[in-house]
Amino acid sequence: MKKVAIFASGNGSNFQAITDAVHNQKLHIHISCVICDRPGAFVLERAKKENIPVFLINPKSYPSKIAYESAILEKLQAFQIDFIALAGYMRLIGPTILNSYERKIVNIHPSLLPAFPGLDAIGQSLKAGVKETGVTIHYVDEGMDTGQVIAQQTVEIAEGETKESLQKKIQVIEHQLYPETLEKLLNS
Ligand code: GAR
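Participant: Could you clarify how one ought to interpret the overall build of the protein in this entry?
Facilitator: Looking only at helices and strands, one finds six helices and seven strands in the protein. Helices (α) and strands (β) of the protein occur, in sequence order from the N terminus, as β-α-β-α-β-α-β-α-β-α-β-β-α. Computed over its C-alpha atoms, the radius of gyration of the protein comes to 16 Å, within 12% of the 16 Å expected for a compact globule of 188 residues. Each principal axis of the C-alpha distribution contributes one length, and for the protein these read about 50 × 40 × 30 Å. Every one of the 188 residues in the protein was classed for burial, and the buried ones make up 49%. Contacts spanning at least 24 positions in sequence make up 62% of the contacts within the protein whose residues lie at least 6 apart. With an accessible surface of roughly 9600 Å², the protein has 52% of that area assigned to carbon and sulfur atoms.

Written out as C-alpha cells, the structure is:
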C-alpha cells in the first residue's frame, strides 16, 4: 500500500473523509502522517483521535521557506512517504518539496479550475454571479492551482445561495470525490 501524507491547515473534513474511506475499505492506502502548518487547526485533534502521527510545523518558526519545507521533507523521508494529498493546505508548495515529489502531490480545490484559483474560491464564484461551480482535484506544480486536472465535478449555484450553503454543497462532493480519485490514482 502506498504511504500517503496529508497536508492540512484547517478543519480537516477532507482528511476525515479520506480516513473514513480507509476504515471502510473503499480506499487502500496507508495514511502515514499529517502535516499541519497552523497552530490550533482542528485537523490536529482529528489526527490525534485517529492515532495518526501529526506534526505541527509552523512556518513562523523558520527563517525561510526553504528551511520550513526542509523540516517537512525530513518528516516525509522518515516516514518513507510515496504520495502527498493536500486537503485544505492553504500554502503554495515550493521547490524543496516539489523536486522530491514530482507528480506525486495532488490538491483539492473548491472551484472548476482554471476558474477561481487561489484564496476564497467559493466567495469568488458567488461574486462573479456564475450559475455553477464545482470541485477540482489536480496535480500540484509550482503555480497557484495550475497543475494538470485529474477530476472535476460540477455543483449548481442556486438562487439566493449563501457562502455557507454553497460551501456545504461543495464539501459533500469533495468528501466523496477525493477518496474515490485517490483510489483510482494509487490503486489502478
Ligand atoms: C476545502 O473545501 C478545500 O477544497 C479548500 O479548503 C477546504 C478545506 O476544508 N482548499 C482550498 O481552497 C485550496 N486552495 P477541510 O479543512 O474541512 O478539509
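Further notes follow.
Participant: Teacher, can you tell me more about the packing of helix 1 (residues 13-23) against helix 2 (residues 42-49) here?
Facilitator: Direction vectors running N to C along helix 1 and helix 2 enclose 20 degrees, while the axes themselves pass 9 Å from each other. Between helix 1 and helix 2, the crossing angle belongs to the class labelled roughly parallel. Relative to helix 2, helix 1 is oriented so that their crossing is right-handed. Residue-level contacts link S13, F15 and Q16 of helix 1 to V43, R46 and A47 of helix 2. Tallied by class, the residues present in the contact of helix 1 with helix 2 amount to three nonpolar, two polar and one charged.

Participant: Would you mind showing me how to read the layout of surface pockets here?
Facilitator: Taking a probe equal in size to a water molecule and rolling it over the atoms shows the remaining empty space. Roughly 890 Å³ of internal volume is contained in the largest pocket. As for the largest pocket, its lining consists of 39 residues, of which G88, Y89, M90, I108 and P110 are closest to the centre. Looking at the lining of the largest pocket, the elements that each hand over two or more residues are helix 1, strand 5 (105-109), helix 5 (121-128), strand 6 (132-139) and helix 6 (163-187). Of the residues forming the lining of the largest pocket, the biggest block, five residues, is contributed by helix 6.

Participant: Honestly, the packing of aromatic side chains in this entry has me stumped. Any pointers?
Facilitator: Pairs of aromatic rings are described using the distance from one ring centre to the other and the angle between the two planes. Evaluation of the coordinates by the stated rule reveals three aromatic pairs. Between Y62 and Y68, the aromatic rings sit 6.2 Å apart at their centres with planes inclined by 55 degrees, giving tilted as the arrangement. For Y62, a relative accessible area of 31% corresponds to the partly exposed category. Its guanidinium or amino end placed over the ring of Y139, R103 lies 4.2 Å from that ring's centre, counting from NZ or CZ.

Reading guide: rules and limits
Residues numbered from 1 in each chain as written. Predicted model: local features only at pLDDT ≥ 70, side-chain atom pairs only at ≥ 80, totals over all residues. Heavy atoms only, no water. Helix = DSSP H or I, 4+ residues; strand = E, 2+ residues; numbered from the N terminus. Rg over C-alpha atoms; globule rule 2.2 N^0.38 Å. Buried < 20%, exposed > 50% of the residue type's maximum accessible area, 1.4 Å probe, protein only. Contact = heavy atoms within 4.5 Å. Areas by Shrake-Rupley, 256 points an atom, 1.4 Å probe, with all protein chains shown as cover. Axes fitted to C-alpha atoms, helices over the stretch in contact; angles between N-to-C directions. Parallel < 35°, antiparallel > 145°, perpendicular 65-115°, else oblique. Left-handed = near helix turned anticlockwise from the far one by under 90°. Nonpolar A, V, L, I, M, F, W, Y, C, P; charged D, E, K, R; others polar. 1 Å grid on protein atoms, 1.4 Å probe; cavity = no way out; pocket = protein on both sides within 12 Å on 5 of 7 lines; lining within 4 Å. Points joined across faces, edges and corners; volume = space filled by probe spheres on them. Phe/Tyr/Trp six-rings, centres within 6.5 Å; stacked < 30°, edge-to-face > 60°. Lys NZ or Arg CZ within 6 Å of the ring centre and 35° of its normal.

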